[in-house]
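A structural walkthrough
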Amino acid sequence: MFRLFKHYVPYAVLFLALVDLALLLSAAEMAWVVRARQIGMEVEPVALRYWPLLNFAVTLQLAMVAVGVYGTDAFQSLRFAAARLVVAICLGVIFLSVVYFTLPGYTLWRSNSLYAMGFAFVFLISVRVLLARMFGSQAFKRRVLVLGAGQRAARLGRLGAERATSFLVVGHIDMGDCESVVATAVPRAAIDDLANYAARLGANEVVLALEERRKAMPVADLLHIRTLGVHVNEISTFLERETGRVDLRSINPSWLIFSDGFSSGRRLSSLAKRLFDMGVAALLLTLTLPIIAVTAILIKLGSRGPAFYRQTRTGLYGQPFDILKLRSMRQDAEVAGKAIWAEADDPRITRVGRFIRKVRIDELPQVWTVLTGEMSFVGPRPERPEFVAELSKKIPFYAERHVVKPGITGWAQINYPYGANLDDARQKLEYDLYYAKNYTPFLDVVIILQTIRVVLFPDGAR
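Nothing here was measured: the structure is a model prediction, and the numbers come from that model.

**Points about the overall build of the protein chain**
Looking only at helices and strands, one finds 17 helices and 11 strands in the protein chain. Its C-alpha atoms give the protein chain principal-axis dimensions of about 75 × 70 × 40 Å. In the protein chain, which comprises 462 residues, the share counted as buried stands at 49%. Summarising the internal contacts of the protein chain: among those between residues at least 6 apart in sequence, 73% fall at separations of at least 24. On the protein chain, roughly 23,300 Å² of surface is accessible, and the fraction owed to carbon and sulfur atoms is 62%. Charge-centre separation for the protein chain: the mean point of 55 positive side chains lies 5 Å from the mean point of 40 negative side chains.

**Observations regarding the environment of Arg 84**
In this fold, Arg 84 is placed in helix α4 (residues 78-102). By relative accessible area, which is 10% here, Arg 84 ends up buried. For the pair Arg 84 and Pro 365, spaced 281 residues apart in sequence, the C-alpha separation works out to 30 Å. Among residues more than four places away in sequence, those in contact with Arg 84 are Val 67, Gly 68, Val 69, Arg 453 and Phe 457.

**Let's talk about the pairing of strand β8 (residues 308-314)**
The side chains of a regular strand alternate, residue by residue, between the two faces of the sheet. The sheet contact formed by β8 and strand β9 (residues 320-326) spans 7 bridges and is antiparallel. By the bridge assignment for β9, Thr 314 is matched with Pro 320. Between β8 and β9, which pair antiparallel and follow one another directly, the connecting turn spans 5 residues, one of which, Tyr 317, has a positive phi of 60°.

**Things to note about helix α17 (residues 441-456)**
Helix length check: α17, at 16 residues, gives a terminal C-alpha distance of 23 Å against a target of 22 Å (1.5 Å per residue), a fit within 8%. Along α17, the residues classified as buried are Leu 443, Asp 444, Val 446, Ile 447, Leu 449, Gln 450, Thr 451, Arg 453 and Val 454.

**What about the pattern of salt bridges?**
Taken as a whole and judged by the stated rule, the model has 17 salt bridges. Here Asp 221 makes a salt bridge to Arg 188, at a shortest N to O gap of 2.9 Å. Here the residue Asp 221 occupies a position in helix α8 (residues 219-227), and Arg 188 occupies one in the loop between β5 (186-187) and α7 (194-200), the gap between them amounting to 33 residues. In this structure, Glu 205 and Arg 241 form a salt bridge, with 2.8 Å as the shortest nitrogen-oxygen distance. You can see Glu 205 sitting in strand β6 (residues 205-208) and its partner Arg 241 sitting in helix α9 (residues 235-243), a full 36 residues away along the chain. Taking the relative accessible area as the measure of exposure, Glu 205 reaches 0% and is therefore buried. A residue is classified by how much of its surface remains accessible, and Arg 241, at 9% relative accessible area, is buried. Each member of the salt-bridge network shares a partner with another, and the members are Arg 142, Glu 205, Arg 241 and Glu 242.

**Observations concerning the nonpolar core**
Ranked by size, the top nonpolar core spans 39 residues in total, and within it Leu 248, Ile 251, Phe 377, Ile 395, Trp 411, Tyr 435 and Ile 447 carry the most contacts. The greatest single-element share of this core, amounting to 7 residues, is contributed by helix α16 (residues 422-438). Apart from the residues lying within four places of it in its own chain, the contact partners of Trp 411 are His 7, Gly 244, Tyr 431, Tyr 434, Tyr 435, Leu 443, Val 446 and Ile 447. Counting 32 residues, the second-largest nonpolar core is a separate cluster that includes Phe 56, Met 64, Ala 116 and Leu 131.

**A short note on the environment of Tyr 8**
Among the structural elements, Tyr 8 can be located in strand β2 (residues 7-9). As for Tyr 8 and Ala 425, which are separated by 417 residues in sequence, their C-alpha atoms are 24 Å apart. In this view, Tyr 8 contacts Met 1, Phe 2, Arg 3, Arg 241 and Tyr 434; residues no more than four positions away in its chain are not counted.

**With respect to the side chain of Gln 366**
Structurally, the position occupied by Gln 366 is in the loop between α12 (351-358) and α13 (367-372). Each residue touching Gln 366, except ones within four places of it in the same chain, is listed here: Ile 323, Leu 324, Lys 325, Met 375, Arg 381 and Ile 408.

**With respect to the sheet that holds β5**
Here we have 5 strands laid out as an open sheet, ordered β5-β4-β3-β6-β7, and parallel in their pairing. Each end of this open sheet is capped by a strand with a single partner; those strands are β5 and β7 (231-234). In the sheet, strand β4 (residues 167-174) pairs with β5 via 2 bridges, with the strands oriented parallel. Bridge pairing in β5 links Asp 174 to Pro 187. Against the sheet, helix α6 (residues 151-161) touches β3 (142-147), β4 and β6, its axis set at about 155° to β4. Packing of α9 onto the sheet brings it into contact with β3, β4, β6 and β7, and relative to β7 it is tilted by some 100°.

**Looking at the packing of aromatic side chains**
For any pair of aromatic rings, the description consists of the separation of the ring centres together with the inter-plane angle of the planes. Under the criterion given, the structure shown has 9 aromatic pairs. With 5.7 Å between their ring centres and 20° between their planes, Trp 411 and Tyr 434 make a pair best called stacked. Placement of Trp 411 in helix α15 (residues 411-415) and of Tyr 434 in helix α16 is noted, with a sequence separation of 23 residues between them. Accessibility classification places Trp 411 together with Tyr 434 in one group, the buried group. One aromatic cluster in this structure is built from Tyr 50, Trp 51 and Tyr 106. Over the ring of Phe 457 we find Arg 84; its NZ or CZ atom is 3.7 Å from the centre of that ring.

Rules used in this analysis
Residues numbered from 1 in each chain as written. Predicted model: local features only at pLDDT ≥ 70, side-chain atom pairs only at ≥ 80, totals over all residues. Heavy atoms only, no water. Helix = DSSP H or I, 4+ residues; strand = E, 2+ residues; numbered from the N terminus. Buried < 20%, exposed > 50% of the residue type's maximum accessible area, 1.4 Å probe, protein only. Contact = heavy atoms within 4.5 Å. Areas by Shrake-Rupley, 256 points an atom, 1.4 Å probe, with all protein chains shown as cover. Lys, Arg positive; Asp, Glu negative; His and termini not counted. Charge placed at Lys NZ, Arg CZ, Asp CG, Glu CD. Pairing = 2+ DSSP bridges. Expected span 1.5 Å × (residues − 1). Salt bridge = Lys/Arg side-chain N within 4 Å of Asp/Glu carboxyl O. Core = buried A, V, L, I, M, F, W, Y, C linked by side-chain atoms within 4.5 Å. Axes fitted to C-alpha atoms, helices over the stretch in contact; angles between N-to-C directions. Phe/Tyr/Trp six-rings, centres within 6.5 Å; stacked < 30°, edge-to-face > 60°. Lys NZ or Arg CZ within 6 Å of the ring centre and 35° of its normal.

In structure tokens, the structure reads:
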């Protein structure tokens, strides 16, 4: 994987994104030339129109990121990729058409955009047909040798066997630290030189996945392997990179203390984030006020009770604050104010509430909380104090999710469907810790773009 601003991007995604950018520029240029010749216009040098071409390509590629064109499902299914490409191209062209009226010299003509849209779809779907076999092969996958034959090592084997992963396990070495559960593991005693063995397997990386390190830590082997240029990693860091989560089953406090991340040098990025939150919140509240007003009226007509409700949540450093939401459940959803987890097809949700939850309209009043500074647009979802107290007792490191300001959308929300039990909370925490550990403005941009996919293609909203 390629690390970009502390966030890992699979090589296959990076390669395809660069190819797509070149194809989008080509589609825009071809559209310009075809349309110019149709109306008898002289075709000037391409250097005189680089802004319209670049705007078209970058805008459409951002739309592709937003709707999930570079997601796992799009790599597995050509039909899925084609459907998302159509949505992305339409969204991009609609946005550019609006921009045309304010900055006409910096975008393609409307007739150019129509041609460019057609060329872009043909080019993009063609390259996916041509490269489909390569993406499904081992061309972009790292070859990993696992030191260990216990449950942790077995997990890596199962993960590497999945088609969507970016690595391939080429072997397991039984280091004698525990009872082996990997049938194909080779005993360490049967290998004369571990470094040469890794080279014969063509391993790019060696991952330490021991159940007990105290007596089985192969320091000499690891040193020899590393000095030969093979990357060495331990399982927690490896899983963080490959899954985009902090794996709670393999980490310990010392890993969190000594690993990269949780940087304190965020003053400039935090200031930029706050300015962004204030500006966008003010604009969004202005634009969505009619939607909020109409929805509030429908809620009042659909069920008894107020249209809005306040609820106490836990924020930055564990401090409580109140959020404002449009009511999507019955007024008596919680008897005596006792906090109750939401469920799939929860009977407490009203007819109007079911719709506004699907399209996230119920979240719009929270923008006011962003404007006042208690929340951000991007961050872990704030939970109720009752749930925080319960989960902190049952899930290790749960309190660490509060080292960043909570948000309306976040890394967990775009990567994990809505959940309302202990296991869901544990898995969402793994994503939240990844965000808190690896926060950069770049990751915020990725999350905001991907939130469009969640809104357009709701999955698991409750």
